[in-house]
Amino acid sequence: QVQLVESGGGLVQAGGSLRVSCTASGRIFSSYAVGWFRQAPGKEREFVAAISWTGGSTYYADSVKGRFTIFRENAKNTVYLQMNSLKPEDTAVYYCAADRMGWGTASHTSYDYWGQGTQVTVSS
């Protein structure tokens, strides 16, 4: 099985930057895609970004496109989400997830493994 652990969350002022990471362990295949999702209180889980494990393709939600970047460092089994120009609306628990089929869609139902999440809070 695959285990995912997120880290790097915290408190940041609007307009600032933060990088969260997702480190995978266990039986990992290069064909797995990894996605980032977020969930704010009282709201449904929302797709943020996805990447193939090899980094061959990326996909972003319109709400973060141009501000966030997803990238991987295979030697560390880690996928990062670099968040720039943060807004209070970005405040949420951020989760990473792995899709063993490698499609990396925007639907959370496509993913097989999930981390526990890391809190990101953007103050105004």
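In this report, the structure presented in the accompanying data block is examined. (Residues numbered from 1 in each chain as written. Predicted model: local features only at pLDDT ≥ 70, side-chain atom pairs only at ≥ 80, totals over all residues. Heavy atoms only, no water.)

Points about the side chain of R38
With respect to the helices and strands, R38 occurs in strand β4 (residues 33–39). The class of R38 is buried, set by a relative accessible area of 6%. Within the structure, R38 has its side chain in polar contact with the side chain of Y94 (distance 2.9 Å). When neighbours within four sequence positions are excluded, R38 is seen to be in contact with E44, R45, E46, V48, S63, V64, F68, E89, D90, A92, V93 and Y94. (Helix = DSSP H or I, 4+ residues; strand = E, 2+ residues; numbered from the N terminus. Buried < 20%, exposed > 50% of the residue type's maximum accessible area, 1.4 Å probe, protein only. Polar contact = N/O pair within 3.5 Å; in protein donor to acceptor, adjacent residues only side chain to side chain. Contact = heavy atoms within 4.5 Å.)

A closer look at the state of the cysteines
Within this structure, the stated rule accounts for 1 disulfide. With its sulfur 2.1 Å from that of its partner, C22 forms a disulfide with C96. Its torsion about the S-S bond being 65°, the disulfide of C22 and C96 is classed as right-handed. With a gap of 74 residues between them, C22 in strand β3 (residues 18–26) and C96 in strand β9 (residues 92–99) connect regions that are remote in the sequence. (Disulfide = S-S within 2.5 Å.)

Remarks on the pairing of strand β5 (residues 46–52)
Counting buried positions along β5 yields 6 of 7 residues, so the element is predominantly enclosed. Bridging between β4 and β5 involves 6 bridges; their strand directions are antiparallel. Each residue of the ladder has a partner; that of W36, found in β5, is A49. Hairpin connection of β4 to β5: 6 residues between the antiparallel strands, including G42 at a positive phi of 75°. (Pairing = 2+ DSSP bridges.)

Scope: geometric values only; no functional claims are made or implied.
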